[in-house]
Amino acid sequence: MKKTMLVFALMFFFHPVWAHPQDGMNPEQLMRHYLKVFNEEDMKALEEVYHFPHVRLVSGQLTQFEDPSKPVVDFAALKKTGWHHSKVNQVKVLAEGANSAMVELDFSRFDKDDKEYYRSVGYYVLTKNKGYWQILSLNSIGDRKSTRLNSSHVSESRMPSSA
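Residues numbered from 1 in each chain as written. Predicted model: local features only at pLDDT ≥ 70, side-chain atom pairs only at ≥ 80, totals over all residues. Heavy atoms only, no water.

Draft legend 1. Molecular detail of the side chain of Ser 140. With respect to the secondary-structure elements, Ser 140 resides in strand β6 (residues 134–143). Dropping the residues within four chain positions of it, Ser 140 is found in contact with Leu 57, Val 58, Ser 59, Ser 120, Val 121 and Gly 122. (Helix = DSSP H or I, 4+ residues; strand = E, 2+ residues; numbered from the N terminus. Contact = heavy atoms within 4.5 Å.)

In structure tokens form, the structure reads like this:
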């Protein structure tokens, strides 16, 4: 009996070590987590957010990502655009099944002075084949050309990646 109790106590104690950071997240929570780890430039966490392989269709350019050891985001290039951080404007779960979902993410990019210079909507297909949600594909429609943006706003996508 004592051994059984010890086993259960150890399982309970070490459970957080075994748990995946995305366990228990719904599709909306995954997208908010995605922007959080994106802003932290946490490449390891971004690798976990994306399913491999995954595809991105940005400005008509289709790119397939097969190798998780290659960076999923080029932060050096993104920073050259003036990027400091991104914010979620809105997340809409358009459809959700047991193992797949489609999500609309409306987000903005901001410079170091917290001025919005880019706003876009991306459509994400998520998969849950490992027991937690991951991004399987992204289709970005590009800049929304919002009149709310300041003069540093440009009319075309500056970074063919994501948030």
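Read on for the rest.
Draft legend 2. Fine view of the environment of Val 49. In this fold, Val 49 is placed in helix α3 (residues 43–49). Each C-alpha atom, one on Val 49 and one on Tyr 132, is 9.3 Å from the other, the two residues being 83 residues apart in sequence. The residues touching Val 49, leaving out its near neighbours within four places in the chain, are Gln 22, Leu 30, His 33, Tyr 34, Val 37, Gln 134 and Ile 135.

Draft legend 3. Spatial organisation of unusual backbone geometry. The peptide bond linking Phe 52 to Pro 53 adopts the cis configuration, its omega dihedral lying at 0 degrees. In this structure, Pro 53 sits in strand β1 (residues 50–58). Phi is positive for Ser 59, which is not a glycine, with a value near 50 degrees. With respect to the element layout, Ser 59 can be found in the loop between β1 and β2 (61–65). Within the chain, Asp 114 stands out as a residue other than glycine whose phi angle is a positive 65 degrees. Tracing the sequence through the fold places Asp 114 in the loop between β4 (100–110) and β5 (116–127).

Draft legend 4. Spotlight on the packing of aromatic side chains. Applying the stated criterion across every chain, the model contains seven aromatic pairs. With centroids separated by 5.7 Å and ring planes inclined at 35 degrees, the aromatic side chains of Phe 75 and Trp 83 adopt a geometry described as tilted. Looking at Phe 75, the relative accessible area reads 8%, which means it is buried. You can call Trp 83 buried: its relative accessible area is 4%. Put simply, the rings of Tyr 34, Phe 38, Tyr 50, Phe 75, Trp 83 and Tyr 124 touch in pairs and so form one group of aromatic residues. Above the plane of the ring of Phe 110 lies Lys 87, whose end atom (NZ or CZ) is 4.8 Å from the centre. (Phe/Tyr/Trp six-rings, centres within 6.5 Å; stacked < 30°, edge-to-face > 60°. Buried < 20%, exposed > 50% of the residue type's maximum accessible area, 1.4 Å probe, protein only. Lys NZ or Arg CZ within 6 Å of the ring centre and 35° of its normal.)

Draft legend 5. The arrangement of the pairing of β5 in detail. Counting buried positions along β5 yields ten of twelve residues, so the element is predominantly enclosed. Two elements, β4 and β5, share eleven bridges in a ladder whose sense is antiparallel. Within β5, the residue paired with Leu 105 across the bridge is Gly 122. Connecting the antiparallel pair β4 and β5 is a turn made up of five residues, with Asp 114 showing a positive phi of about 65 degrees. (Pairing = 2+ DSSP bridges.)

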